[in-house]
Amino acid sequence: MNHKFEIFPRVPLIQQATPFLPLDRLTELFNVSLWIKRDDMNGVGAGGNKVRKLEYLLADAKQNNASAIITGGGVQSNHASTTAICAKRLGLKSYLALVAAVPIENEHYQSNGNVFLNQLCNAEIKRFPKGSNVNKCIEQYAQEIEKLTGSKPYEICMGGSNVIGSLGYIKAALEIASQMKAHGIKFASLVHASGSAGTQAGLIVGFYLAGADVDVLGCSVVYDKPKISQMVLELCQQLSQLLGITNVNWAEKINVNDSYIGDGYGLPGKATWESIDIGIETESIIFDPCYTGKAFNYLLDLLREQSSLLRKNTIFLHTGGMVGLMGYQNFTQKIQSDQSLY
Ligand SMILES: Cc1ncc(COP(=O)(O)O)c(C=O)c1O
């Protein structure tokens with residue numbers, strides 16, 4: 001069924017399937033069979049979900065004879081730094097439009113973590129003020145570069161979440177489906193952080209293609225439920241059109257929870273930090289405060305309330321974010337003293 005999928009050009013940045021492992025201690029605590037898919041450990045830079053999208057996006061850039069690429073995101077965007085790293089691998093220059101999307105002004109957030117990594121990769125950066133639309137900033141910066149250099153860099157939208165980038169998570173779903181099979185898992189629910197919709201849409205369409213019985217539970221970290229659901233739906237429709245899939249009601253496969261956004265995108269609350277703590281204490285796995293920490297908090301709450309959304313086998317998709325964590329150094333002391341977190 002997935003033969004058509006194989007025709008899309010891909011730059012193989014990830015050399016092997018990422019680990020699919022049991023979460024033994026949490027399984028014992030909650031009496032549900034829990035697994036983790038470690039896309040944070042894909043072997044490229046600091047790992048993370050964007051590498052999978054970039055395998056397809058950069059292949060498209062190459063096909064378009066690009067010598068430079070441009071993308072953008074928040075100041076601590078994992079997507080931006082991962083793009084800069086992967087571009088290096090292919091000898092492409094990178095430009096990044098970084099928007100002050102998160103109201104954290106301290107020095108760590110503004111210059112450590114992904115910002116530092118961008119510098120190491122020699123990416124050219126232009127910063128934009130709070131409230132700017134990331135995709136518009138990318139376009140504006142691309143036009144400025146074209147005026148200066150005579151050629152426009154290949155544009156990658158926010159989060160790499162267009163139809164081409166989302167192919168990466170179709171491939172991931174096929175990989176998870178075969179790992180489930182190898183472990184004798186016939187059905188599951190999968191919890192993950194949902195930001196710009198490409199990961200969730202790719203997973204939904206990918207599990208459909210694989211014929212795998214997996215409920216995808218997205219934990220929104222940016223948008224409210226109607227908006228992110230619509231974004232996921234549109235991408236599922238575009239993907240199915242590209243792949244020639246007909247007669248599937250994608251809307252009924254979309255499940256998002258928007259209760260974990262807390263004070264906003266990139267702003268972790270106490271419960272997020274407590275969840276990060278639990279991840280380290282139980283499984284020695286490190287989650288980040290912007291994406292996976294919030295999604296893991298969602299998983300823990302589902303487990304605590306024995307939610308019917310969780311099936312007997314549950315998979316947590318670790319989408320990365322470790323580098324962004326380094327921008328949040330100020331937070332831990334403040335949590336202990338219960339002062340304002342920002
Ligand atoms: C670590 C991490 N997890 C999850 C996501 C969300 O992925 P998507 O934008 O495809 O929804 C991102 C996006 O930037 C991310 O950096």
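Residues numbered from 1 in each chain as written. Predicted model: local features only at pLDDT ≥ 70, side-chain atom pairs only at ≥ 80, totals over all residues. Heavy atoms only, no water.

J.: Would you mind showing me how to read the overall build of the chain here?
T.: Looking only at helices and strands, the chain features 13 helices and 10 strands. Whereas a compact globule of 342 residues would reach a radius of gyration of roughly 20 Å, the chain reaches 19 Å, a difference of no more than 12%. Overall, the chain is about 60 × 55 × 35 Å in size when its C-alpha atoms are taken along their principal axes. Of the contacts formed within the chain by residues at least 6 apart in sequence, a portion of 78% connects residues at least 24 apart. (Helix = DSSP H or I, 4+ residues; strand = E, 2+ residues; numbered from the N terminus. Rg over C-alpha atoms; globule rule 2.2 N^0.38 Å. Contact = heavy atoms within 4.5 Å.)

J.: Quick question: what am I supposed to make of the domain arrangement of the chain here?
T.: When the parts come together, some accessible area is lost, and that loss is often what is quoted as the size of the interface. Examined at the domain level, the chain breaks down into domain 1 (3-48 + 161-337) and domain 2 (50-159). Computed over C-alpha atoms, the centres of domain 1 and domain 2 are 23 Å apart. Each side of the interface is counted separately: domain 1 has 43 residues, and domain 2 has 34 residues. Summing the contributions of domain 1 and of domain 2, the shared interface buries around 3,200 Å²; its carbon and sulfur component is 64%. Of all residues in domain 1, Val11, Leu13 and Ile164 give up the largest surface area on contact with domain 2, accounting jointly for 17% of the area buried on that side. For the pair domain 1 and domain 2, the interface holds three salt bridges. Close ionic contact of glutamate 55 with arginine 10 constitutes a salt bridge, the shortest N to O distance being 3.0 Å. For the interface between domain 1 and domain 2, the tally reads 14 residue pairs in polar contact (both at pLDDT 80 or more). Listing elements by their share of the side of domain 1 that touches domain 2, those giving two or more residues are helix H7 (163-182), helix H8 (198-210) and helix H12 (322-325). (Domains from an automatic or database assignment. Buried area = accessible area lost by both parts, 1.4 Å probe. Salt bridge = Lys/Arg side-chain N within 4 Å of Asp/Glu carboxyl O. Polar contact = N/O pair within 3.5 Å; in protein donor to acceptor, adjacent residues only side chain to side chain.)

J.: Would you take a moment to explain the site of the ligand for this structure?
T.: In the vicinity of the ligand there are 16 residues, among which Lys53, Gly195, Ser196, Thr199 and Thr319 approach most closely. Here asparagine 78 contributes a side-chain N or O atom positioned 3.0 Å from an oxygen atom of the ligand. Serine 196 places a side-chain nitrogen or oxygen 2.5 Å from an oxygen atom of the ligand. For the ligand, the protein covers 97% of the area, taking 390 Å² as the surface of the free molecule. At the level of secondary structure, the elements contributing two or more residues to the shell around the ligand comprise helix H2 (50-63), strand S7 (187-194) and H8. Across the shell around the ligand, the residue classes tally to three nonpolar, 11 polar and two charged. (Near = heavy atom within 4 Å. Areas by Shrake-Rupley, 256 points an atom, 1.4 Å probe, with all protein chains shown as cover. Nonpolar A, V, L, I, M, F, W, Y, C, P; charged D, E, K, R; others polar.)

J.: Looking at this model, I keep getting lost on the pairing of strand S3 (residues 68-74). Mind explaining?
T.: The two faces of the sheet receive side chains in turn, since in a regular strand these alternate between them. Here S3 lies mainly inside the structure; seven of its seven residues are buried. Note: S3 against strand S4 (residues 93-99), seven bridges, orientation parallel. Looking across to S4, one finds that threonine 71 is bridged to leucine 96. Across two bridges, S3 lies against strand S6 (residues 154-155) in parallel orientation. Bridge pairing links isoleucine 69 to tyrosine 154 in S6. (Buried < 20%, exposed > 50% of the residue type's maximum accessible area, 1.4 Å probe, protein only. Pairing = 2+ DSSP bridges.)

J.: Hey, could you run me through the packing of H2 against H7 in this one?
T.: In helix packing, the relevant descriptors are the interaxial angle and the interaxial distance, both defined with respect to the helix axes. Running from N to C, H2 and H7 cross one another at 135 degrees; their axes reach a closest spacing of 7 Å. On the basis of their axis angle, the class for H2 and H7 is oblique. Both H2 and H7 take part in a crossing whose hand is right-handed. Across the interface between the two elements, Arg52, Lys53, Tyr56, Leu57 and Asp60 of H2 pack against Ile164, Gly165, Leu167, Gly168, Tyr169, Lys171, Ala172 and Glu175 of H7. Partitioning the contact of H2 with H7 into residue classes produces six nonpolar, two polar and five charged. (Axes fitted to C-alpha atoms, helices over the stretch in contact; angles between N-to-C directions. Parallel < 35°, antiparallel > 145°, perpendicular 65-115°, else oblique. Left-handed = near helix turned anticlockwise from the far one by under 90°.)

J.: Teacher, can you tell me more about the nonpolar core here?
T.: Across soluble globular proteins, you tend to see nonpolar side chains buried next to one another. Ranked by size, the top nonpolar core spans 42 residues in total, and within it Phe5, Ile170 and Leu203 carry the most contacts. The set of elements that each furnish at least two residues to this core consists of H7, S7, H8, strand S8 (213-220), helix H9 (225-243) and strand S10 (313-318). Tallying contributions element by element places H7 first for this core, with nine residues. Not counting residues within four places of it along the chain, the set of residues in contact with phenylalanine 5 comprises Tyr56, Leu167, Ile170, Lys171, Leu174, Leu209 and Leu243. Judged by nonpolar contacts, the second largest core, of 35 residues, contains Leu26, Val102, Tyr265 and Tyr328. (Core = buried A, V, L, I, M, F, W, Y, C linked by side-chain atoms within 4.5 Å.)

J.: In this structure, what is going on with the environment of glycine 206? I would like to understand it.
T.: With respect to the element layout, glycine 206 can be found in helix H8. When its relative accessible area of 0% is taken as the criterion, glycine 206 is described as buried. For the pair glycine 206 and leucine 239, spaced 33 residues apart in the sequence, the C-alpha separation amounts to 9.7 Å. When neighbours within four sequence positions are excluded, glycine 206 is seen to be in contact with Ile170, Ala173 and Leu174.

J.: Would you explain the side chain of threonine 292 in this entry?
T.: Mapping threonine 292 onto the fold places it in helix H11 (residues 292-304). For threonine 292, a relative accessible area of 0% gives the class buried. Ignoring sequence-local partners within four residues, the contact set of threonine 292 consists of Ala193, Phe287, Phe316, His318, Thr319 and Gly320.

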